Amino acid sequence: MVKDSYLVGLIGAGVGPSLSPALHEREADRQGLRYLYRLIDIDALGRAPDAVGDLVRAARDLGFDGLNITHPCKQLVIEHLDALAPQAEALGAVNTVVFDGGRAVGHNTDVTGFAASFARGLPDAALERVVQVGAGGAGAAVAHALLTLGAGHVTVVDALPERAAALAAALDRRFGGGRVTGGGPQGLAALLARADGVVHATPTGMVAHPGMPFEGALLRPGLWVAEVVYRPLETELVRTAREAGCAVLDGGGMAVFQAADAFRLFTGREPDVGRMHGDISELAAAAGVRG
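Every chain's residues receive numbers from 1 upward, in the order its sequence appears when written. In view of the model being predicted, local features appear only for residues whose pLDDT reaches at least 70, and side-chain atom pairs are presented and counted only at 80 or more, with totals across whole chains, interfaces and linings using the full set of residues. Heavy atoms from the whole structure form the basis of all side-chain values; hydrogens and water molecules are not counted.

We now examine the packing of helix 1 (residues 20-30) against helix 10 (residues 252-267). At a minimum axis distance of 10 Å, the contact between helix 1 and helix 10 shows a crossing angle of 55 degrees. Classified by the interaxial angle, the pair formed by helix 1 and helix 10 is oblique. Judged by the twist between their axes, the crossing of helix 1 over helix 10 is right-handed. Packed against helix 1, whose contacting residues are Leu23, His24, Glu27 and Ala28, the element helix 10 presents Ala255, Val256, Ala259, Ala262, Phe263 and Phe266 at the interface. Axes, fitted as lines to C-alpha atoms, cover a helix only where it is in contact. Angles between the N-to-C directions of the axes lie from 0 to 180 degrees. Secondary structure elements follow DSSP: runs of H or I of four or more residues count as helices, runs of E of two or more count as strands, with numbering from the N terminus. Relative orientations are named as follows: roughly parallel for angles under 35 degrees, roughly antiparallel for angles over 145 degrees, roughly perpendicular for angles from 65 to 115 degrees, and oblique for any other angle. Each crossing is labelled by how the near helix is turned from the far one, with a counterclockwise turn of less than a right angle marking it left-handed and a clockwise turn marking it right-handed. Should any heavy atoms of two residues lie within 4.5 Å, those residues are counted as being in contact.

Written out as structure tokens, the structure is:
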């Protein structure tokens, strides 16, 4: 039976400024759907990240059709799901949960979202040597996407070196050829001096986590910079990289493409990605967020 009414939500920390509700609801309105997107902010609720399982179960019991999952719950949620789509299982990270006949099924639309955004925004970027900062849930998806796009070698650095090493090992098992290494941030300056580009995949720069993930002095013309954070679209990293003469990809494109993929999973309907790109620019401008 074709539905015309949907209830979905977003679980994460500090999600109040998220543009996802309006992004989904605008597209649903154009398709004649009743579509309510609720924010479930664990900070506002005073809940720890490991409460994500309770929240997923509550949403299922309350009749939600699905959920998006964001920092810091993308990996923690897995043990509370009934099944994983192959990509989510391979990554060990979930950003979308679909409730299907009482079962909670985890998906990951971050991989396809980043890959599509990168191909659109930095189509001619060199990919022989790429540095990625961040090895969490978003980092796993982005590194996977980079390798899918043809990156020669990806070096993942993280404040938790063991997490970066574990991600590198998992990706090498999947892609082979020793194409990924992982470690701590102590060698970042030397890595960036030799890199074609850098991807930032930590929460630093978000409204709730302002700042830079590394020193702006490490940026230089000829180095491309891709940002995953999209609230705000113009993070301090994006602004500093543009001022340094770098080719820059903000997080808006990834947000649109992953939202479009999630919308498709929730509704079975095809979203208009072009219109959604226009939406995110309008929404960011209305919120006073530069992009």
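What the six strands build is an open sheet, ordered 2-1-3-5-6-4; its pairing is mixed. On the outer flanks of this sheet lie strand 2 (34-41) and strand 4 (83-84), each paired with one strand and no other. One bridge is not enough; two strands pair if DSSP finds at least two bridges between them.

This paragraph deals with the packing of aromatic side chains. Between 30 and 60 degrees the pair is tilted, below 30 it is stacked and above 60 it is edge-to-face, where a pair is any two Phe, Tyr or Trp rings, Trp via its six-membered ring, whose centres lie within 6.5 Å. Scanning the entire structure with this criterion turns up four aromatic pairs. Pairing Tyr6 with Tyr35 gives two aromatic rings, centres 6.1 Å apart and planes at 45 degrees, and the pair type is tilted. You can see Tyr6 sitting in strand 1 (residues 5-12) and its partner Tyr35 sitting in strand 2, a full 29 residues away along the chain. A simple rule labels every residue: compare its accessible area, found with a 1.4 Å probe on the protein chains alone, to the largest value its type can have, and call it buried under 20%, exposed over 50%, or partly exposed in between. Classification of Tyr6 as buried rests on a relative accessible area of 6%. Arranged with centres 5.8 Å apart and planes meeting at 40 degrees, the rings of Phe114 and Phe118 form a pair that is tilted. Of this pair, Phe114 and Phe118 both sit in helix 5 (residues 110-121), four residues apart, roughly one helical turn. Residue classification places Phe114 among the buried residues on the basis of a relative accessible area of 1%. An aromatic cluster is built from Tyr6, Tyr35 and Phe263, whose rings are joined through pairwise contacts.

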